[in-house]
Amino acid sequence: MLRSLAKADELGGFSRAGEALGGTPSALSLQMKQLEDQVGRPLFRKQDRSLQLTDAGASVASGRKA
């Protein structure tokens, strides 16, 4: 899940990240939803046509407590 989180952040969305990881955007979206449920906070916010990590998402991606 953390690799997917990092790739979605790097590429700015689930579609591009899913392709890069050999999966589907819906599978990646489901993983991120599960991770958000574990953390209890949103990990991404929409910015224009891409996604950007929230502070909680950045904390999770860096291994810090969200």
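Residues numbered from 1 in each chain as written. Predicted model: local features only at pLDDT ≥ 70, side-chain atom pairs only at ≥ 80, totals over all residues. Heavy atoms only, no water.

With an unreviewed UniProt entry as reference, the protein chain is termed DNA-binding transcriptional LysR family regulator, source organism Kaistia geumhonensis. Of the protein chain, the UniProt comment under Sequence similarities (unreviewed entry) reads exactly: "Belongs to the LysR transcriptional regulatory family." (UniProt positions renumbered as here; feature names shortened; annotations may be inferred.)

Helix and strand counts for the protein chain stand at 4 helices and 2 strands. The N-to-C order of helical and strand elements in the protein chain reads α-α-α-β-β-α. On C-alpha atoms alone, the protein chain measures out to a radius of gyration of 11 Å, which is about the 11 Å that the 2.2 N^0.38 rule sets for 66 residues. Projecting the C-alpha coordinates of the protein chain onto the three principal axes gives extents of approximately 30 × 25 × 15 Å. When the 66 residues of the protein chain are sorted by exposure, 30% land in the buried category. A sequence separation of at least 24 residues applies to 38% of the contacts in the protein chain between residues at least 6 apart. Carbon and sulfur atoms provide 47% of the accessible area of the protein chain, an area that totals close to 4400 Å². The centroid of the 10 positive side-chain charges in the protein chain is displaced by 2 Å from the centroid of its 7 negative side-chain charges. (Helix = DSSP H or I, 4+ residues; strand = E, 2+ residues; numbered from the N terminus. Rg over C-alpha atoms; globule rule 2.2 N^0.38 Å. Buried < 20%, exposed > 50% of the residue type's maximum accessible area, 1.4 Å probe, protein only. Contact = heavy atoms within 4.5 Å. Areas by Shrake-Rupley, 256 points an atom, 1.4 Å probe, with all protein chains shown as cover. Lys, Arg positive; Asp, Glu negative; His and termini not counted. Charge placed at Lys NZ, Arg CZ, Asp CG, Glu CD.)

This paragraph deals with the UniProt feature "domain: HTH lysR-type" (unreviewed entry) in the protein chain. Under the feature "domain: HTH lysR-type" (unreviewed entry), the UniProt entry names residues 1–54. Taken as a whole, residues 1–54 contains 61% helix and 15% strand, while its terminal C-alpha atoms sit 16 Å from one another.

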